[in-house]
Protein chains: 2
Amino acid sequence: MGQRPGDVSSPARQAGPGEGIGADELALATRNHGLPLEALRYDVTPPGLHYVLTHYDIPYVPNPGAWRLTVDGRVRAPLDLSLADLHSFPQVTTRVTVECAGNGRALLSPRPVSQPWLVEAVGTADWTGVPLGLLLAEAGADPAAADVVFTGADHGVERGVEQDYQRALPLAVAVGDDPAVLVATAMNGAPLPPQHGRPLRLIVPGWYGMAHVKWLRTVTVSDVPFTGFQQAVAYRIRRTADEEGEPVTRIAPRALLVPPGFPDFMSRTRVVRPGPVRLFGRAWSGQAPVSSVEISTDGGASWEPAVLAPVVAGRRWAWRAWRHDWHAAPGEYAMGARAHDGVGGAQPLEQRWNRGGFANNAVRFVRVVCVDDGPSP
Amino acid sequence: MGQRPGDVSSPARQAGPGEGIGADELALATRNHGLPLEALRYDVTPPGLHYVLTHYDIPYVPNPGAWRLTVDGRVRAPLDLSLADLHSFPQVTTRVTVECAGNGRALLSPRPVSQPWLVEAVGTADWTGVPLGLLLAEAGADPAAADVVFTGADHGVERGVEQDYQRALPLAVAVGDDPAVLVATAMNGAPLPPQHGRPLRLIVPGWYGMAHVKWLRTVTVSDVPFTGFQQAVAYRIRRTADEEGEPVTRIAPRALLVPPGFPDFMSRTRVVRPGPVRLFGRAWSGQAPVSSVEISTDGGASWEPAVLAPVVAGRRWAWRAWRHDWHAAPGEYAMGARAHDGVGGAQPLEQRWNRGGFANNAVRFVRVVCVDDGPSP
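Residues numbered from 1 in each chain as written. Chains lettered and ligands numbered in written order. Predicted model: local features only at pLDDT ≥ 70, side-chain atom pairs only at ≥ 80, totals over all residues. Heavy atoms only, no water.

(A) Geometry of the overall build of chain A. Looking only at helices and strands, chain A has 5 helices and 22 strands in total. Here the C-alpha radius of gyration of chain A, 22 Å, is about what a compact globule of 377 residues would show, namely 21 Å. Expressed along its principal axes, the backbone C-alpha trace of chain A runs to roughly 80 × 55 × 40 Å. Surface summary for chain A: the accessible area is close to 14100 Å², and the carbon and sulfur share equals 54%. Where the 35 positive side-chain charges of chain A centre and where its 37 negative ones centre are 2 Å apart. (Helix = DSSP H or I, 4+ residues; strand = E, 2+ residues; numbered from the N terminus. Rg over C-alpha atoms; globule rule 2.2 N^0.38 Å. Areas by Shrake-Rupley, 256 points an atom, 1.4 Å probe, with all protein chains shown as cover. Lys, Arg positive; Asp, Glu negative; His and termini not counted. Charge placed at Lys NZ, Arg CZ, Asp CG, Glu CD.)

Encoded structure:
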């Protein structure tokens, strides 16, 4: 009796009370990585510091010149494009903050067992490529189509289903110009690194990372809604296993701070010395521009407004810098930042639990100790 | 009663029986990262795929032109060098495999609580810089000195000790020419990325990563052996807390394979289909050149020799490729590779436990399932 590919998967589950991170979660945590929070200092995240999550292996593409992108399905004239063909279309560069939909998962209780992110699954880059709308216009996509389906070269098994990674966008989003979805070939002015989709990926400004299909091979216009695994099974907000759930789409508001002072190696507790400390960080929302950021040093009991950096034209989809001057006095602090956006979105203080552990943007507090280095009494 | 910096640390400890990975270990695992094993395909690891471990924060260096490197202590003429000064010395490029001394730690039982690496804390790069021996000759280092101490700009608290990261090498190693220690300014032909030591780091071919001091600021020639935290307290092979222990120095032999087939997302179990499968990977040792690699598909019960790639002149300090042709038949396999080196070193099958979790090069087996995709009976 041979096995089938789906037999190697186990069902989704929640960790039990007090259950530590398991070997399976650790195997994901050692290969994927977040943004070390001190790297929030950079307007544009260097590639090796930008968060990375890949469901399966990173495809090996030794010869990007041989890569083909096809545009097919409900189109008048299917396209079969090389990278050189893509470069002959108008190029756009957009600064975009991308966050993993599972960011914050490991802080939920009970903890959904999957990639165990704390709060660091984020990054911002300048992505350059062809607006997807131009390719769909060139192909003559049927305006009555429902979805546009994107297929990557990454292949694996997940919860019993063998698959190429696939996601879809509604046609209106795919052809929209605010935000303009990009078929990107460059990150921060250089060809995409392997782990970010070399040679081609989708960039969907404002949406969580699962929409930004990497190693993009096929764009298929469909007259029926896409019901593939990553659309209809994974990436849904559900409280019970049998409900259909809401799809995960745009990024909920979040602010993070560059942890002040310096860390203890093991606990990552921060140490500062008495005196003025400039707190600063970034805030973002895919739902509407960030409207304000508040800072608490007492675990959320009280809040003070941060100063937002000026709005920069053309930077709607990138995080916004903020700062707050604090006077540190000896003691212990639970320091957190909280973002609000222009449609009334705000980070909750209490978790909004769901089975997949998606969009958990609850405020996270960092332990900061202001030491008293004076002589012993 | 104020706190002191050392108060934020807790003592080193071992995880209890069945204790899962804790919040402190997870916080390290989400910011540091290993080499996704499929990236063993690359002769030279792209920077974002090369393993990264930083004890404290990654220093922010917006203006490398202002960086200074000083060479002082027991020298005739101290040096105070800019990057431009360093570039005026002869430059050397060496391909070097670097592995974290804690690689394999999370597989030990009991598990030392620290950065919880499985087996992926490794990478290979072309490092370009000035041979350290030239700088020490220029400064006129006292040939009777004991150690050369290297100080980085990364600052934190560890086990109660506030410190800049510091390590030393014996003078004979520091001025040696096989291997030649480098003060490196470039990785794979580009300036060092922030997480790899921008703008300057030490490269000590053949030694575990703790010796390759990043964000290097000071080189101090000392007539007494260095007894700083990272030399005399951390990075020692000890079975009990009160023994002095042996220092961690050169990299023990290890072979790893590119996991065959494709993965299950959560378990990372590999799926292959029946037929010929080329197994391949890399092997390295800092103690002597790799002399052979063996492959087991049955958890170490039997072994077959792999074919080593030819020796390449000048590549002594880089990993060596190997391959082995396997015929997959439906069933389950525990697949592992085992390296031997020219001084009789070999990977053990049983762990050699030590309190810090260093140099655990025991063979690791990957679960591989060869599926039978034929029709159901």
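(B) Molecular detail of the pairing of strand β4 (residues 122-131) of chain A. All names here are of chain A. Burial analysis of β4 places 10 of its 10 residues in the buried class, which makes it a mostly covered element. Summarising the sheet, strand β3 (residues 92-99) and β4 pair through 8 bridges and their orientation is antiparallel. For E99, the partnering residue across the bridge sits in β4 and is V122. (Buried < 20%, exposed > 50% of the residue type's maximum accessible area, 1.4 Å probe, protein only. Pairing = 2+ DSSP bridges.)

(C) Geometry of the relation of the copies chain A and chain B. Least-squares fitting of chain A to chain B yields an RMSD of 0.0 Å, with the superposition described by an axial translation of 0.0 Å and a rotation of 180 degrees. The superposition operator between the copies reduces to a two-fold rotation axis. Take the interface residues of chain A: 100% of them recur as interface residues in chain B, which is what a same-surface contact looks like. (Least-squares fit on C-alpha atoms with pLDDT ≥ 70 in both. Contact = heavy atoms within 4.5 Å.)

(D) Fine view of the nonpolar core. W127 of chain A together with W127 of chain B are the most contacted members of the largest nonpolar core, which has 158 residues in total. If you look at the next biggest cluster of nonpolar residues, it comprises 21 residues, including A255, M335, A337 and V368 of chain B. (Core = buried A, V, L, I, M, F, W, Y, C linked by side-chain atoms within 4.5 Å.)

(E) Main features of the confidence of the model for chain A. Here chain A averages 96 in pLDDT, and 99% of its residues register 70 or above. The complex model carries a pTM of 0.97, and its ipTM stands at 0.96. (pLDDT = per-residue confidence, 0-100.)

(F) Highlighting the sheet that holds strand β5 (residues 147-158) of chain A. All names here are of chain A. With mixed pairing, the 5 strands of this open sheet are ordered in space as β2-β1-β10-β5-β6. Edge positions in the sheet fall to β2 (79-81) and β6 (161-170), since each of these pairs with one other strand and no more. Looking at each pair of strands side by side, their axes are set apart by 25 degrees on average, direction ignored. Of the strands in this sheet, β1 (69-73), β2, β5 and β10 (216-222) touch helix α3 (residues 132-139), which is tilted by about 130 degrees from β2. (Axes fitted to C-alpha atoms, helices over the stretch in contact; angles between N-to-C directions.)

(G) Spatial organisation of the interface of chain A and chain B. Listed as interface residues are 69 residues of chain A and, on the opposing side, 69 residues of chain B. Counting the surface lost from both chain A and chain B, the interface buries some 6300 Å², and carbon and sulfur atoms represent 60% of this. In this structure, the connection of chain A to chain B is made through 6 salt bridges. Between chain A and chain B we count 25 residue pairs in polar contact (both at pLDDT 80 or more) in total. When contributions to the side of chain A that touches chain B are tallied by element, the ones reaching two or more residues are α1 (23-31), β5, β14 (262-263), β15 (270-272) and β22 (366-370) of chain A. Examining the composition of the side of chain A that touches chain B, we find that 8 residues originate from one element, α1 of chain A, more than from any other. (Buried area = accessible area lost by both parts, 1.4 Å probe. Salt bridge = Lys/Arg side-chain N within 4 Å of Asp/Glu carboxyl O. Polar contact = N/O pair within 3.5 Å; in protein donor to acceptor, adjacent residues only side chain to side chain.)

(H) Seen up close, the pattern of salt bridges. Taken as a whole and assessed by the stated rule, the structure comprises 32 salt bridges over all chains. A salt bridge links R282 of chain B to D43 of chain B; its shortest N-O distance comes to 2.9 Å. One end of the pair, R282 of chain B, is in strand β16 (residues 275-284); the other, D43 of chain B, is in the loop between α1 (23-31) and β1 (69-73), and 239 residues separate them in sequence. Connected through salt bridges with shared partners, the residues R74, D142 and D223 of chain A form a single ionic network.

(I) Quick peek at the pairing of strand β21 (residues 331-341) of chain A. Residues and elements named next belong to chain A. Across the 11 residues of β21, 8 count as buried, placing the element largely inside the fold. Relative to β21, strand β17 (residues 290-296) runs antiparallel, the two sharing 6 bridges. The partner of I295 across the bridge, within β21, is A337. Where β21 and β22 come together, 5 bridges link them in antiparallel fashion. Across the sheet, the residue bridging to Y333 is V368, located in β22.

(J) Focus on the sheet that holds strand β20 (residues 320-328) of chain B. Residue and element names in this part refer to chain B. Spatial strand order, β13-β16-β20-β19: 4 strands in an open sheet with antiparallel pairing. The outermost strands of the open sheet, each flanked by one partner alone, are β13 (254-257) and β19 (307-308). Here β13 pairs with β16 via 4 bridges, running antiparallel. Bridging from a neighbouring strand, A255 pairs with A283 of β16.

(K) Layout of the packing of aromatic side chains. Per the stated rule, a full pass over the model turns up 12 aromatic pairs over all chains. Where Y42 of chain A meets Y60 of chain B, the ring centres are 5.3 Å apart and the plane angle is 75 degrees; that geometry is what we call edge-to-face. You can see Y42 of chain A sitting in the loop between α1 and β1 and its partner Y60 of chain B sitting in the loop between α1 and β1, one on each of two chains. Y42 of chain A sits in the buried class, given a relative accessible area of 17%. Residue Y60 of chain B is classed as partly exposed on the basis of its relative accessible area, which comes to 38%. When the ring centre of W317 of chain A is taken as origin, the NZ or CZ atom of R316 of chain A, which lies over that ring, is 4.1 Å away. (Phe/Tyr/Trp six-rings, centres within 6.5 Å; stacked < 30°, edge-to-face > 60°. Lys NZ or Arg CZ within 6 Å of the ring centre and 35° of its normal.)

(L) Just the environment of W284 of chain A, in detail. All names here are of chain A. Tracing the sequence through the fold places W284 in strand β16 (residues 275-284). By relative accessible area, W284 is classed as buried at 3%. Taking the C-alpha atoms as reference points, W284 and A255, separated by 29 residues in sequence, lie 6.5 Å from one another. Discounting residues that sit within four places of it in the chain, W284 has contacts with T97, E99, V122, I251, A252, P253, R254, L256, V290 and W319. Of note is the side chain of W284, whose polar atom sits 2.8 Å from the side chain of E99.

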